Amino acid sequence: QKVHVLPQTVLYIADAETFSGHEECHEQKKARKRNSKETAIALEKLLPKRCQVLGLVTPGIVVTPMGSSSNRPQEIEDGEAGFALLFPKIDGVKIQTFHFPKDVKNRVVDENKFAEAGLKNNPDLRVVLLFGYNSWKSGATRFLHQIVNPLNEKSIILAGGQVESFTSLISENNNAQPSDACGVVGLAFSGPQIQSATVLLDQDVADERTAEAAMQRLKAANIPECNTIGFMFACVGRGYRHYKTKRNMEADAFRKFFPNVPLFGFFGHGEIGCDRIVTGNFVLRECNDVKDDLLHGYTTVMTLVHLGSTK
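The name given to the protein chain in an unreviewed UniProt entry is FBX22 protein, with the source organism recorded as Alectura lathami.

Colleague: Go over the sheet that holds strand β1 (residues 9-15), please, and point to the residues and values.
Modeller: Spatial strand order, β7-β1-β4-β11: four strands in an open sheet with mixed pairing. Every other strand in the sheet has two partners, leaving β7 (82-87) and β11 (165-169) as the edge strands with one partner each. In this sheet, adjacent strand axes meet at a mean angle of 15° when their direction is disregarded. Relative to β7, β1 runs antiparallel, the two sharing six bridges. Looking across to β7, one finds that Leu-11 is bridged to Leu-85.

Colleague: Tell me about the pairing of strand β8 (residues 94-101), and please be specific about residues and values.
Modeller: Two faces, one strand: in a regular strand the side chains alternate between the faces of the sheet. For β8, the buried fraction is high: six of the eight residues fall into the buried class. In this structure, β8 lies alongside strand β12 (residues 183-190), joined through eight bridges in antiparallel fashion. Pairing of Phe-100 across the sheet is with Val-184, part of β12.

Colleague: Outline the packing of helix α5 (residues 208-219) against helix α7 (residues 249-257), supporting the account with residue identities and numerical values.
Modeller: Interhelical geometry of α5 versus α7 gives an angle of 45° and a closest axis separation of 9 Å. Relative to α7, the element α5 lies oblique. Here the hand of the crossing between α5 and α7 comes out right-handed. On α7, the residues that touch Glu-208, Ala-211, Glu-212, Met-215, Gln-216, Leu-218 and Lys-219 of α5 are Met-249, Glu-250, Ala-253, Phe-254, Lys-256 and Phe-257. Split by residue class, the contact of α5 with α7 holds seven nonpolar, one polar and five charged.

Colleague: Tell me what's going on with the nonpolar core, and back it up with residues and numbers.
Modeller: With 36 residues, the main nonpolar core has Leu-56, Phe-131 and Phe-189 as its most contacted residues. Take this core: its biggest share by element is four residues, from strand β9 (residues 125-133). Among all residues touching Phe-189, those that are not within four sequence positions of it are Phe-87, Lys-94, Ile-95, Asp-124, Leu-125, Arg-126, Val-127, Leu-129, Ile-194 and Leu-307.

Colleague: Give me the lowdown on empty space enclosed by the protein, citing residues and values where you can.
Modeller: Enumeration over the complete set of coordinates arrives at one cavity of 30 Å³ or more. Considering only enclosed or pocket space, the largest cavity measures out at about 50 Å³ in volume. The wall of the largest cavity is formed by Gly-132, Tyr-133, Ser-135, Ala-140, Phe-143, Leu-144, Gln-162, Cys-182, Gly-183 and Val-184. Taken together, the elements giving at least two residues each to the lining of the largest cavity come down to β9, α4 (140-148) and β12.

Here is what the cut-offs are and how they apply
Residues numbered from 1 in each chain as written. Predicted model: local features only at pLDDT ≥ 70, side-chain atom pairs only at ≥ 80, totals over all residues. Heavy atoms only, no water. Pairing = 2+ DSSP bridges. Helix = DSSP H or I, 4+ residues; strand = E, 2+ residues; numbered from the N terminus. Axes fitted to C-alpha atoms, helices over the stretch in contact; angles between N-to-C directions. Buried < 20%, exposed > 50% of the residue type's maximum accessible area, 1.4 Å probe, protein only. Parallel < 35°, antiparallel > 145°, perpendicular 65-115°, else oblique. Left-handed = near helix turned anticlockwise from the far one by under 90°. Contact = heavy atoms within 4.5 Å. Nonpolar A, V, L, I, M, F, W, Y, C, P; charged D, E, K, R; others polar. Core = buried A, V, L, I, M, F, W, Y, C linked by side-chain atoms within 4.5 Å. 1 Å grid on protein atoms, 1.4 Å probe; cavity = no way out; pocket = protein on both sides within 12 Å on 5 of 7 lines; lining within 4 Å. Points joined across faces, edges and corners; volume = space filled by probe spheres on them.

Here it is in structure tokens:
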């Protein structure tokens, strides 16, 4: 019927090589290095003006090629790669981008900013995908804890990781952050129809059998698979190096149990997540009200986000 659906929110992720590659410069008859800002602006020009955009740069990419959700997801650890997820307006679902830059003057995060981002006093908050950038900076980990700790609730799925940098947050392009500043960006998904589950593959998951056992735990959450996206946030130390040169192990294990759910994500410098399910109050494991440990290294976080039934 030639119905065109405009994106309302866009999450795009590309590896560092893609963002600082070379482009032809015909006047000078030679390639010149383009910077990530130029690439980001060119991408944003393709999108509607009112669209929320969050762009991330990471060391590696996990992507399901276009065409069909049942295509084999690929872990691309080397070479240029990237993807964009375009979310239209979805009845009953609100997606908000947020950014908390680390402020040298204020050591405490402004609670009003939390509320503005839908992260506080929001009973419909279900899933938060969050990403720390420039995590090598002094105080970056402590700052990430300040953001994560208030969100460490059983009724919220938290998942994400540490990225190289972020390149787009359209509402903030006029107040560009210094390139060496650190902070946290992300997406908040709110809506009573959203269901989600996440599992953590720790360092002990090092072969096909244990990877598939983790996917079985995720499958047992019984999240509806129609209108659902899978996310994979893995450490750069995993992938084929961790699995003794066998490539695509975790993405293939995911596809075996979720053949029709597309999988997206990245290889980064630290992971955020734990074993948790949000469908009512059911969780994968009870922790006796002890707060879950959400920040990890050398792990993989696998997450399902179901956006409700399609009409």
